[in-house]
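# Observations on the three-dimensional arrangement
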Amino acid sequence: EYFPRLTPIAIWDSDRYLHKTFWLSYYFVNPDVVIFLGDLLDEGSSANDKEFNLYVKRFYNIFDKQDNILYIWNAGDNDIGGELPDYVTRHKVERFNRAFLQSDVITYNNLNFLKVNALILLNAIEVEILSFFAIKSPPLIVLYQTETLK
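As a starting point, this report considers the structure included with it. (Residues numbered from 1 in each chain as written. Predicted model: local features only at pLDDT ≥ 70, side-chain atom pairs only at ≥ 80, totals over all residues. Heavy atoms only, no water.)

Looking now at the packing of helix α2 (residues 49-63) against helix α4 (residues 90-99). Running from N to C, α2 and α4 point in directions that differ by 35 degrees, and their axes come no closer than 11 Å. Crossing handedness for the pair α2 and α4: right-handed. Contacts between α2 and α4 pair D49, F52, V56 and Y60 from the former with H91, R95, F96 and A99 from the latter. For the contact of α2 with α4, the residue count by class is five nonpolar, one polar and two charged. (Axes fitted to C-alpha atoms, helices over the stretch in contact; angles between N-to-C directions. Helix = DSSP H or I, 4+ residues; strand = E, 2+ residues; numbered from the N terminus. Left-handed = near helix turned anticlockwise from the far one by under 90°. Contact = heavy atoms within 4.5 Å. Nonpolar A, V, L, I, M, F, W, Y, C, P; charged D, E, K, R; others polar.)

Attention shifts here to unusual backbone geometry. For N30, which is not glycine, the phi torsion reads 55 degrees and is therefore positive. One non-glycine residue, D39, lies in the positive phi region at around 55 degrees.

Mapped onto the elements of the fold, S45 is located in the loop between β1 (33-36) and α2. Separated by 3.0 Å, the side chain of S45 and the backbone nitrogen of G81 make a polar contact. A distance of 3.1 Å separates the side chain of S45 from the side chain of K92, its partner in a polar contact. (Polar contact = N/O pair within 3.5 Å; in protein donor to acceptor, adjacent residues only side chain to side chain.)

Before going further, it helps to examine α4. Every buried residue of α4 is listed here: K92, V93, R95, F96 and A99. Around the axis of α4, the buried residues are gathered within 165 degrees of arc, so they sit on the same side. In this structure, α4 carries R90 and R98 as exposed residues pointing more than 90 degrees from its buried face. (Buried < 20%, exposed > 50% of the residue type's maximum accessible area, 1.4 Å probe, protein only. Arc of directions from axis to C-beta.)

Before going further, it helps to spend a moment on the packing of aromatic side chains. Enumeration over the complete set of coordinates arrives at 17 aromatic pairs. Both rings, one in F22 and one in F63, keep their centres 5.0 Å apart while their planes meet at 85 degrees; by these two values the pair is edge-to-face. Taken together, the positions of F22 in helix α1 (residues 8-29) and F63 in helix α2 put the pair 41 residues apart, joining distant regions of the chain. For the residue pair F22 and F63, the accessibility class agrees, reading buried in each case. Both rings, one in Y60 and one in W73, keep their centres 6.2 Å apart while their planes meet at 90 degrees; by these two values the pair is edge-to-face. Linking Y60 in helix α2 with W73 in strand β2 (residues 70-73), this pair joins segments that are 13 residues apart in sequence. (Phe/Tyr/Trp six-rings, centres within 6.5 Å; stacked < 30°, edge-to-face > 60°.)

Right, dumping it as structure tokens:
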């Protein structure tokens, strides 16, 4: 089945909608931390480096990084691969990590956020087994306290 590429007007409209909706929800909730659970880029995994950088710029234009917000970015299969036949590669992971520079352990107040990308863990297992059982794995964030709250 053929899916035509999105027109610039459709992309602009989609980006505008995402931007508006994100910030309306942000101001309604007023969170201290915003966590992106993967698939930050539409076609990041299949993009060449030039296209990938354009997708990253588009992402930052939509979500306007603010200094007073802690952002946590996790890579999804659209960002680094992981669904057959689009495998996770070292190049894709390193490219994502350069674009969304961040430690795997992030501390906010007395909470530590530990980023564990299950796609990379699963990629080490036999791909044939995973495809046979059609296993999907979302990014995983582990929260733990550094001290007891009183």
